[in-house]
Amino acid sequence: MKPARRVFVVSAAHTNFLGRGRPDFIYRGHPDHGVRENPGTEEHLKEAVEGAFAAAGLDPASVDKAYLSNFLGERFCNQGHMGALLPRVCPGLEGKPIMRVEAACASGAAAVAAGVDSIQAGADSVLCAGVEIETNVRGREGVEHMALAAHYAKQRQLEFALFPYFFARRAKHYKEAFGAGYEDIARVVAKAYGNASRNPKALKRDVEVSLEQAATASKHNSPFLEDPELHDHIRILDCTAFTDGASA
């Protein structure tokens, strides 16, 4: 569909993305454990939304509507109806039409697409924000939550790490169809880490991964799937880490 109106992104703001491995992430054994806590959903969201409005010099009351992207707030944070958090952290949005958007890993992009559609339909100013808190549960519990993005009843039993299983299956098919090797897949990994190293807010901003490291199985880049046919087609560095953060 050809756009009926031009759409501009006039501002953006992000929190520091936080997770295990960051020196400012509070965990059992951290010097500040018991003294302070990691920021929660509302703290991250408030920082991103206020930052976006400040950078644009806009009054929140000037926004026609808003979209909030979130994947699994009910499981990770015991919080549903996430869109209602926006006026809580930014009172100027009180009374605005706000909708939560969920599309698993594409939730943020889906919120932006919804914002563009709203402007095409006549809105003049739309806020699109996203927030995730994923580090407040144990790793195995987080993996279980993530499996809800699949068809849980029919697919959960395929593998404990369900989405790495799906991506390993895709990698295997890609290699067979196009004659690719592990180094070809590793180029994507090295590029992603290289991008993160240039983003001062990225979780892995201090981690360097060369093409050789990404392409080689090692203690820090080992295969982990149980399925013998897919075991060699995905490794630790191919996968994302559980992360907290927000953007607007």
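Higher on the page you've got the structure.
Since this is a predicted model, take the numbers as computed values, not measurements. (Residues numbered from 1 in each chain as written. Predicted model: local features only at pLDDT ≥ 70, side-chain atom pairs only at ≥ 80, totals over all residues. Heavy atoms only, no water.)

A. Geometry of the sheet that holds strand S2 (residues 98-101). Strand order in this open sheet of 4 strands is S2-S1-S3-S4, and the pairing throughout is mixed. Whereas interior strands pair on both sides, the edge strands pair on one side only; in this sheet they are S2 and strand S4 (245-247). Between one strand axis and the next, the sheet turns by 20° as a mean value, whatever way the strands run. The pairing of strand S1 (residues 65-69) with strand S3 (residues 126-132) spans 5 bridges and is parallel. Looking at S3, one finds that Leu68 is bridged to Ala129. Against the sheet, helix H1 (residues 41-56) touches S1, S3 and S4, its axis set at about 150° to S3. (Pairing = 2+ DSSP bridges. Helix = DSSP H or I, 4+ residues; strand = E, 2+ residues; numbered from the N terminus. Axes fitted to C-alpha atoms, helices over the stretch in contact; angles between N-to-C directions. Contact = heavy atoms within 4.5 Å.)

B. Up close: the pattern of salt bridges. The tally for this structure, following the rule as stated, stands at 9 salt bridges. Two residues, Arg5 and Asp124, come together in a salt bridge whose shortest N-O distance is 2.9 Å. Note that Arg5 is positioned in the segment before H1 and Asp124 in the loop between helix H4 (107-120) and S3, a separation of 119 residues in sequence. According to the relative accessible area criterion, Arg5 is partly exposed, its value standing at 34%. When its relative accessible area of 58% is taken as the criterion, Asp124 is described as exposed. A salt bridge links Asp32 to Arg36; the nearest nitrogen and oxygen atoms lie 3.0 Å apart. Given a relative accessible area of 26%, Asp32 falls into the partly exposed group. (Salt bridge = Lys/Arg side-chain N within 4 Å of Asp/Glu carboxyl O. Buried < 20%, exposed > 50% of the residue type's maximum accessible area, 1.4 Å probe, protein only.)

C. Structural detail: helix H7 (residues 162-178). When the terminal C-alpha atoms of H7 are compared, their 25 Å separation across 17 residues agrees well with the 24 Å that a helix rising 1.5 Å per residue should span. Looking at H7, one finds that the buried residues are Leu162, Pro164, Tyr165, Phe166, Ala168, Ala171, Lys172 and Lys175. Tucked into the core, H7 has its buried residues touching helix H6 (152-155) and helix H8 (182-197). Just downstream of H7 lies Gly179, where phi reads positive at about 70°. (Expected span 1.5 Å × (residues − 1).)

D. Inspection of the packing of aromatic side chains at higher detail. For the coordinates displayed, the defined rule picks out 5 aromatic pairs. Taking the centre distance of 6.5 Å and the plane angle of 55° together, the rings of Phe76 and Phe242 count as tilted. Taken together, the residues span a long stretch of sequence, with Phe76 in helix H2 (residues 73-76) and Phe242 in the loop between helix H9 (211-215) and S4 at a distance of 166 residues. Assessed through its relative accessible area of 5%, Phe76 is described here as buried. With centroids separated by 5.8 Å and ring planes inclined at 65°, the aromatic side chains of Tyr165 and Phe166 adopt a geometry described as edge-to-face. For Tyr165, a relative accessible area of 8% translates into the label buried. By the ring-pair criterion, three or more aromatic residues cluster together here, those being Phe163, Tyr165, Phe166 and Phe167. Positioned above the aromatic ring of Phe160 is the side chain of Arg140, whose terminal nitrogen or guanidinium carbon lies 4.1 Å from the ring centre. (Phe/Tyr/Trp six-rings, centres within 6.5 Å; stacked < 30°, edge-to-face > 60°. Lys NZ or Arg CZ within 6 Å of the ring centre and 35° of its normal.)

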